[in-house]
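Remarks on the overall topology
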Amino acid sequence: MKLVILDSADSVGLWAAKYVKKRINDFQPGPNKYFVLGLPTGSTPLGMYKNLIKFHEEGKLSFEYVKTFNMDEYVGLPRSHPESYHYFMWHNFFKHINIKPDNVHILDGNAENLVEECNKFEDLIKEAGGVELFIGGIGPDGHIAFNEPGSSLVSRTRIKTLAQDTLEANARFFDNDISKVPTKALTVGVGTVMDAKEVMILITGTHKAFALYKAIEEGVNHMWTVSAFQQHPNTLMVCDEDATLELRVKTVKYFKGILGNLHNKLAEDEADD
Ligand code: PGA
């Protein structure tokens, strides 16, 4: 596992976007070779999406041969609702880039048969050849996607009832009225994300510091589902200084030491200034 520690949340957004650009460009996608990207919603990845849009506008990155799979979607919220993840993704990212709508996959939380919808999503990922790079955020309770504390670490895409902590955290998007927050969601499982060739997790802010500590300094534990990625062969955690507050000085020094200058190389394209 790599932990890249950057000075601010803005730097995390820029670094993550550069990393995605480099991975896609190095892959050299084409009509017979799509790059398959797993994507999150939330406030954390917004900076990354803004920078990816900028790279696209500057002609440095094309999404023509990219397929995407989103992590999750609320159940029962209309697609046009500003808090639906469909709306979030189109508004904040997809409508600004050259991705073909057919290559975008977001779970349908209004499907007639939700179980079938989840199974179909797993099949589509398989048909696409698996996810090359799955990007995620985490909740303060250590959840990844909507894999709440106690979720099976081998779980697949399914319906989840959301934890009270998540409802409270998300109430800010629903007029601070917890009764308006959908209580169920469709979500990829921990196992679904574990199957990706590489996983990049973005963590920013002091409110995520305890979760980051649980994710990397303690053992694998289904009460902190993000800790499962200790057992993934290719996990990259990208955080800001604030998120490191609960880590041991030794841990921070270790990762800063080994990745000090190297982290620039991980994300820099030769074409970058
Ligand atoms: P956030 O949400 O990026 O808005 O903090 C992340 C999450 O809860 O998974």
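Figured I'd write up the structure that's included with this text. Just so it is clear, the model here is predicted, and its values are computed rather than measured. (Residues numbered from 1 in each chain as written. Predicted model: local features only at pLDDT ≥ 70, side-chain atom pairs only at ≥ 80, totals over all residues. Heavy atoms only, no water.)

Now for the pairing of strand S10 (residues 235-240). Among the 6 residues in S10, 6 count as buried, and that is most of the element. Side chains of S10 alternate between two faces, with Thr235, Met237 and Cys239 and Leu236, Val238 and Asp240 buried alike. Note that strand S1 (residues 2-6) and S10 share 5 bridges and pair parallel. Bridge assignment links Leu6 to a residue of S10, and that residue is Asp240. As defined by bridge partners, strand S9 (residues 198-203) adjoins S10 across 5 bridges and the pair is classed as parallel. The residue of S10 that forms the bridge with Ile201 is Met237. Note that the unit made of S9, helix H7 (residues 209-216) and S10 has a crossover that is right-handed. (Buried < 20%, exposed > 50% of the residue type's maximum accessible area, 1.4 Å probe, protein only. Helix = DSSP H or I, 4+ residues; strand = E, 2+ residues; numbered from the N terminus. Pairing = 2+ DSSP bridges. Right-handed = clockwise from strand over helix to strand, strands pointing away.)

With respect to the helices and strands, the residue Lys60 is situated in the loop between helix H2 (46-57) and strand S3 (66-70). Residues Lys60 and Lys21 lie 39 residues apart in sequence; the distance between their C-alpha atoms is 8.0 Å. Of note is the side chain of Lys60, whose polar atom sits 3.3 Å from the side chain of Glu58. (Polar contact = N/O pair within 3.5 Å; in protein donor to acceptor, adjacent residues only side chain to side chain.)

Let's shift gears to the site of the ligand. Taken together, Gly42, Ser43, Thr44, Ile138, Gly139, His143, Arg172 and Lys208 make up the full set of residues adjacent to the ligand. Here an oxygen atom of the ligand sits 2.5 Å away from a polar atom, N or O, in the side chain of Thr44. Looking at side-chain class alone, the shell around the ligand contains 1 nonpolar, 5 polar and 2 charged residues. (Near = heavy atom within 4 Å. Nonpolar A, V, L, I, M, F, W, Y, C, P; charged D, E, K, R; others polar.)

Turning to the packing of aromatic side chains, a few remarks are in order. Remark: the centre distance and the inter-plane angle together describe each pair of aromatic rings, the angle taken between the planes. Tallied over the full model, the rule gives 16 aromatic pairs. Seen in terms of ring centroids, Tyr74 and Phe174 are 5.8 Å apart; in terms of plane orientation they differ by 80°. Their pairing is edge-to-face. Residue Tyr74 is located in strand S4 (residues 72-74), and its partner Phe174 is located in the loop between helix H5 (164-170) and strand S8 (184-187); the two are separated by 100 residues in the primary sequence. Grouping residues by exposure puts Tyr74 and Phe174 together as buried. With centroids separated by 5.6 Å and ring planes inclined at 75°, the aromatic side chains of Phe210 and Trp224 adopt a geometry described as edge-to-face. You can see Phe210 sitting in helix H7 and its partner Trp224 sitting in the loop between H7 and S10, a full 14 residues away along the chain. Taking the relative accessible area as the measure of exposure, Phe210 reaches 39% and is therefore partly exposed. Put simply, the rings of Tyr49, Phe63, Phe88, Trp90, Phe93 and Phe94 pair up and form one aromatic cluster. Between the NZ or CZ atom of Lys21 and the centre of the ring of Phe55, over which it lies, the distance is 4.8 Å. (Phe/Tyr/Trp six-rings, centres within 6.5 Å; stacked < 30°, edge-to-face > 60°. Lys NZ or Arg CZ within 6 Å of the ring centre and 35° of its normal.)

With respect to the helices and strands, Glu117 occurs in helix H4 (residues 114-127). A relative accessible area of 10% places Glu117 in the buried class. With residues near it in sequence (within four places) discarded, Glu117 still touches Ile106, Leu107, Asp108, Ala111 and Leu186. (Contact = heavy atoms within 4.5 Å.)

Two numbers describe how helix H1 (residues 9-27) lies on H2: the axes approach to 7 Å, and their chain directions differ by 50°. One finds that H1 runs oblique with respect to H2. The crossing of H1 and H2 is right-handed. Contacts from Gly13, Leu14, Ala16, Ala17, Lys18, Val20 and Lys21 of H1 reach H2 at Gly47, Met48, Asn51, Leu52 and Phe55. Its residues assigned to classes, the contact of H1 with H2 shows 7 nonpolar, 3 polar and 2 charged. (Axes fitted to C-alpha atoms, helices over the stretch in contact; angles between N-to-C directions. Parallel < 35°, antiparallel > 145°, perpendicular 65-115°, else oblique. Left-handed = near helix turned anticlockwise from the far one by under 90°.)

Take it as geometry only, folks, not as evidence of what the structure does.
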